[in-house]
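Next come the chains, spelled out residue by residue.
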Amino acid sequence: MISIQDEYSPEFDEMLPRLVMHRPRLHLPPIWAGADGASLGGSVAVGDGNLKPAATVVIPRGGNVAKVYLIGKRVCDILGASAAMLLLSPLLLGTLAVLIVTTRGNPFFRQRREGLCGRMFWMWKFRTMVVDAERRLQNVKNERGGAMFKNPHDPRITRFGKYLRKYSVDELPQLLNVLMGQMSLVGPRPMVVGHGHAYHALQLRRLSVKPGITGLWQVSGRTRLNFEQMVALDLSYVRRQSLRFDMKLLARTPWVVLVGHGAC
């Protein structure tokens, strides 16, 4: 068990991904949430961390708010998402064709998510579960804590869906979310609408930057990590956000995807 009681330090941010790979339980003091950003964007209903609604908080824009960074990141998102869709078009079209047949014409799954500053949007995925998966949710046990619902033996997942999840092919439709400006290539995963009550207010700093397809949590273990570790890594990304760090995370992503590291 590791308990962090001192003030925030950049050195710990560098160590954090390696620490969570060994599954320590991280306890983070409020100062680790970082300083306020420059502009207000939205509000989210939060709780006390025990799934009990407690209050509504305003989420300020955070992370790297320099105009040069924000413009550069948006340009990289547009170019990167466009190039990825072009290069991966055979895979996208092949997956779509199989799903049209196996899902009886319902190849996509969309879900309301909360992104930058709590703004809601529809996030798209290739369907990996049975069509009535959300209705069956109450019959599936959550093997993770907090707002992270994961069960590697979820009976709702189809056989083809298991392969799509293992290699993150199901996430590729989110390239459209990137082109629409709702997501970025790199950032914390967008929060499911209504899950804010599982967070302490300070943990919602992960919503102070635009959500992404890949990020620090995704390349550091993904579903092998617990909810608290995921939030810690997301907050670490918010503090370290830069084009150089984004490129580093993008470069690490292909290998993680190919080996199915931490996929569920």
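Before going further, it helps to examine the overall build of the protein chain. Per the secondary structure count, the protein chain includes 7 helices and 9 strands. Long-range pairs, those at least 24 residues apart, make up 70% of the contacts in the protein chain between residues at least 6 apart in sequence. Put simply, the protein chain shows about 13,600 Å² of open surface, and 61% of that area lies on carbon and sulfur atoms.

Below, the discussion takes up the side chain of T95. Within the element layout of this structure, T95 appears in helix α3 (residues 89–102). Given the relative accessible area of 4%, T95 is considered buried. Of note is the side chain of T95, whose polar atom sits 2.8 Å from the backbone oxygen of L91.

The next thing to look at is the pattern of salt bridges. One pass over the full model with this rule turns up 5 salt bridges. Several salt bridges share partner residues, and in doing so they unite K125, E171 and R189 into one network.

Now for empty space enclosed by the protein. A complete count under the given rule lists 1 cavity of 30 Å³ or more for this structure. Taken as a whole, the largest cavity holds about 40 Å³ of empty space. In terms of lining residues, the largest cavity is bounded by K73, C76, D77, L185, V186, L243, D246, M247 and L250. Elements supplying a minimum of two residues to the lining of the largest cavity: α2 (67–87), β7 (184–186) and α7 (243–258). A total of 4 residues in the lining of the largest cavity trace back to one element, the largest contributor, which is α7.

Between its first and last C-alpha atoms α7 spans 24 Å; for 16 residues at 1.5 Å apiece the expected length is 22 Å, and the two agree. By the largest-angle criterion, R252 marks the main kink of α7, which is about 25 degrees, and a proline, P254, follows within four residues. Regarding α7, the residues found buried are F245, D246, L249, T253 and V256. The inward-facing, buried residues of α7 abut α2, β7, β9 (212–214) and α6 (227–240). Looking at the residues trailing α7, positive phi occurs at G260, about 65 degrees.

Turning next to the sheet that holds strand β5 (residues 108–114). What holds strands together in a sheet is hydrogen bonding between their backbones, with the strands either parallel or antiparallel. Strand order in the open sheet made by the 3 strands is β6-β5-β8, with antiparallel pairing throughout. Among the strands making up the open sheet, the edge pair consists of β6 (120–126) and β8 (191–192). Sheet analysis places β5 next to β6, joined by 7 bridges and oriented antiparallel. Within β6, the residue paired with E114 across the bridge is M120.

For the rest of this paragraph, the subject is the packing of α2 against α3. Between α2 and α3, the least distance of the axes is 4 Å, while the angle of their chain directions is 65 degrees. Note on element contacts: α3 touches α2 through S89, P90 and L92, opposite M85, L86 and L87.

With 38 residues, the main nonpolar core has Y199, Y237 and L249 as its most contacted residues. At the level of secondary structure, the elements contributing two or more residues to this core comprise α2, α3, β6, α5 (174–179), β7, α6 and α7. Among the elements that take part in this core, α6 stands out by supplying 7 residues, more than any other.

The next thing to look at is α2. For α2, with 21 residues, the first-to-last C-alpha span of 30 Å sits near the 30 Å given by 1.5 Å per residue. The complete set of buried residues in α2 reads Y69, G72, K73, D77 and A81. The buried residues of α2 all sit within an arc of 155 degrees when viewed along its axis, so they share a single face. Those residues of α2 that are exposed and angled more than 90 degrees off the buried face are K67, V68, I71, L79 and L86. Looking at the packing, one finds that the buried side of α2 touches α5, β7, α6 and α7.

What counts as what
- Once a new chain begins, its residue numbering starts again from 1 and follows that chain's sequence as written.
- Per-residue local features are limited, in this predicted model, to residues with pLDDT of at least 70; the limit for side-chain atom pairs, both in listing and counting, is 80 or more; totals at the level of whole chains, interfaces and linings are taken over all residues.
- Calculation of side-chain values draws on the structure's entire complement of heavy atoms; hydrogens and water are dropped beforehand.
- Strands are runs of DSSP state E lasting at least 2 residues, helices are runs of H or I lasting at least 4, and numbering of each runs from the N terminus.
- Whether two residues touch is decided by their heavy atoms; if any such pair falls within 4.5 Å, the residues are in contact.
- Per-residue accessibility takes into account occlusion by the displayed protein chains alone, with areas from the Shrake-Rupley method and a 1.4 Å probe.
- Under the scheme applied here, a residue whose accessible area is under 20% of the maximum for its type counts as buried, over 50% as exposed, and between as partly exposed, the area being computed with a 1.4 Å probe on protein chains only.
- Counting of polar contacts relies on pairs of N or O atoms within 3.5 Å, with two restrictions inside protein: one atom must be capable of donating a hydrogen and the other of accepting it, and residues adjacent in sequence are counted only when both atoms are side-chain atoms.
- The salt bridge criterion pairs a side-chain nitrogen of Lys or Arg with a carboxyl oxygen of Asp or Glu, the two atoms within 4 Å.
- Within this scheme a cavity is a closed region of a 1 Å grid, computed over the protein atoms alone, that accommodates a 1.4 Å probe without allowing it to escape, whereas a pocket is open but has protein on both sides within 12 Å along at least five of seven lines; lining residues each have an atom within 4 Å of a point.
- Grid points are joined across faces, edges and corners, and a volume is the space filled by probe spheres set on the points.
- Every helix has an expected span of 1.5 Å times one less than the residues it contains.
- To get the bend at a given residue, fit one axis to the seven residues ending there, fit another to the seven starting there, and take the angle between those axes.
- Two strands are counted as paired when DSSP detects at least two bridges linking them.
- Note on geometry: axes are C-alpha line fits, over the in-contact stretch for helices, and angles between N-to-C directions span 0 to 180 degrees.
- Each nonpolar core is a collection of buried residues, namely Ala, Val, Leu, Ile, Met, Phe, Trp, Tyr and Cys, held together in the definition by side-chain atoms within 4.5 Å.
- When we speak of the arc, we mean the arc of directions from the helix axis to the C-beta atoms.

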